[in-house]
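Letter by letter, the chains look like this.
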Amino acid sequence: MEKLLSKDLLGIKDLTVEEMNLIFETADKFKEVLQRPIKKVPSLRHMTIANVFFENSTRTKLSFELAQKRLSADIINFSSSLSSIKKGESLLDTINNILVMKVDMIVMRHPDPGAPHFISKNIKASVINAGDGTHEHPTQALLDSYTIKERLGNIKNKKIAIIGDILHSRVAISNIYALQKLGAKVMICGPSTLIPKHISSLNVLIENNVENALRWCNVANVLRIQLERQGSNKFPSLREYSQYFGINKKLLDKIDRDIIIMHPGPINRGVEISSDIADSNNSLILEQVENGVAIRMAVMYLLSLNKLQ
Ligand code: CP
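Residues numbered from 1 in each chain as written. Predicted model: local features only at pLDDT ≥ 70, side-chain atom pairs only at ≥ 80, totals over all residues. Heavy atoms only, no water.

Draft legend 1. Seen up close, the overall build of the protein. In terms of helices and strands, the protein carries 11 helices and 9 strands. Radius of gyration (C-alpha) of the protein: 19 Å, near the 19 Å computed for a compact globule of 309 residues. Its C-alpha atoms put the protein at 55 × 45 × 35 Å along the principal axes. Per-residue burial for the protein yields a buried fraction of 55% across its 309 residues. Taking the contacts inside the protein whose residues are at least 6 apart along the sequence as the reference set, 74% of them involve residues at least 24 apart. (Helix = DSSP H or I, 4+ residues; strand = E, 2+ residues; numbered from the N terminus. Rg over C-alpha atoms; globule rule 2.2 N^0.38 Å. Buried < 20%, exposed > 50% of the residue type's maximum accessible area, 1.4 Å probe, protein only. Contact = heavy atoms within 4.5 Å.)

Structure representation (structure tokens):
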């Protein structure tokens, strides 16, 4: 396999294992480029890419933007708060106005699940989902899987516990799809109020006791408590959440076994994870961010091959 099957990357659900491995192999090559003194290749010098973000982002937006610059693409950045969306323009009109300026690819984050899917059906250019509401965040899951593979050598039969706010998490859903396709066993853990009922249909283990989850897993992927998406209180207080579900040194010392710690960011230090664990040798949090650039370079490069035909 030399290219991706679709013109878009909308979710992990639709990706094959072969496509995921192609992205990882391509990311290996770009990771090597990123170690050079001149961290740049001309692969996308024929492309113009728009980063269209309707929700806040630090890591994903900067990582896509840097990946585009490393590939020599021309880029434009759109931020909804400063745009004519505020004057009543529709999402599709906004995108079509961007595309008519000879833009070839759209990277889009939107609070509504399915927004990038709607756009992809209505335009010819490639669309990359940079996170749509509580639905999917495919490049995050790809960089998470790539980082686990890099550290453990293989993902097959590894035990990954995804711990925290599963209910509001697109990262959890995309990770479940990715890790299961790659042969991992996946457990989700959190208070029952933060575990959606439909999750059992995804063939994951469900655990409400964080110590049991940590005793089971090789890797703990800790998720942020998304207070901004919570309509009603799902737990009594952050202090109580931290006491029962926070990952800290005392808890990990009790388990007395090396567990890899991951977190997609942004971190609520002292809530879902303590600083000593986030900054420990077992933490891959900054490796995840570093690998994100190579993974996004790989995704954009591979999608650009479809346009060249
Ligand atoms: N992991 C992640 O999506 O972070 P940002 O919201 O900062 O992009």
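Draft legend 2. Representation of helix H6 (residues 170–181) in the model. The end-to-end C-alpha separation of H6 is 17 Å, in line with the 16 Å expected for 12 residues at 1.5 Å each. Counting buried positions along H6 gives 10 out of 12 residues, so the element sits mostly inside the fold. Where H6 starts, the residue carrying a side-chain oxygen 3.2 Å from the main-chain nitrogen of valine 171 turns out to be serine 169. Just beyond H6, the residue with positive phi is glycine 183, at close to 95°. (Expected span 1.5 Å × (residues − 1). Polar contact = N/O pair within 3.5 Å; in protein donor to acceptor, adjacent residues only side chain to side chain.)

Draft legend 3. Representation of the nonpolar core in the model. Counting residues in hydrophobic clusters, the biggest one holds 64 residues, and the most contacted among them are Ile23, Ile128, Leu142, Ile199 and Met300. With 10 residues, the single largest contributor to this core is helix H11 (residues 285–308). Counting only domains with at least three residues in this core, you end up with domain 1 (12–137 + 289–307) and domain 2 (138–284). Look past the residues within four positions of isoleucine 23 in its chain and what remains in contact with it is Leu4, Leu15, Leu142, Ile295, Ala298, Val299 and Leu302. Counting residues in each nonpolar core, the second largest holds 27 residues, with Ala161, Cys189, Val210 and Trp216 among its members. (Core = buried A, V, L, I, M, F, W, Y, C linked by side-chain atoms within 4.5 Å. Domains from an automatic or database assignment.)

Draft legend 4. Up close: the sheet that holds strand S7 (residues 205–207). Here we have 5 strands laid out as an open sheet, ordered S7-S6-S5-S8-S9, and parallel in their pairing. At either margin of the open sheet sits one strand with a lone partner, and together these are S7 and strand S9 (260–262). When strand polarity is set aside, the average angle formed by the axes of neighbouring strands in this sheet is 20°. Note that strand S6 (residues 185–189) and S7 share 3 bridges and pair parallel. Opposite cysteine 189, over in S7, you have glutamate 207 as the bridge partner. Contacting strand S5 (159–163), strand S8 (219–222) and S9, helix H5 (residues 138–152) crosses the sheet at an angle of about 160° to S9. (Pairing = 2+ DSSP bridges. Axes fitted to C-alpha atoms, helices over the stretch in contact; angles between N-to-C directions.)

Draft legend 5. Highlighting the site of the ligand. Taken together, Ser57, Thr58, Arg59, Thr60, Arg109, His137, Gln140, Pro264 and Gly265 make up the full set of residues near the ligand. Note that an oxygen atom of the ligand is positioned 2.6 Å from one of the side-chain N or O atoms of threonine 60. Protein coverage of the free-state accessible area of the ligand, which is 250 Å², stands at 91%. Spatially, the ligand is embedded in the largest pocket. Looking at the shell around the ligand residue by residue, the classes come out as 1 nonpolar, 6 polar and 2 charged. (Near = heavy atom within 4 Å. Areas by Shrake-Rupley, 256 points an atom, 1.4 Å probe, with all protein chains shown as cover. 1 Å grid on protein atoms, 1.4 Å probe; cavity = no way out; pocket = protein on both sides within 12 Å on 5 of 7 lines; lining within 4 Å. Sits in = over half its atoms within 2 Å of the grid points. Nonpolar A, V, L, I, M, F, W, Y, C, P; charged D, E, K, R; others polar.)

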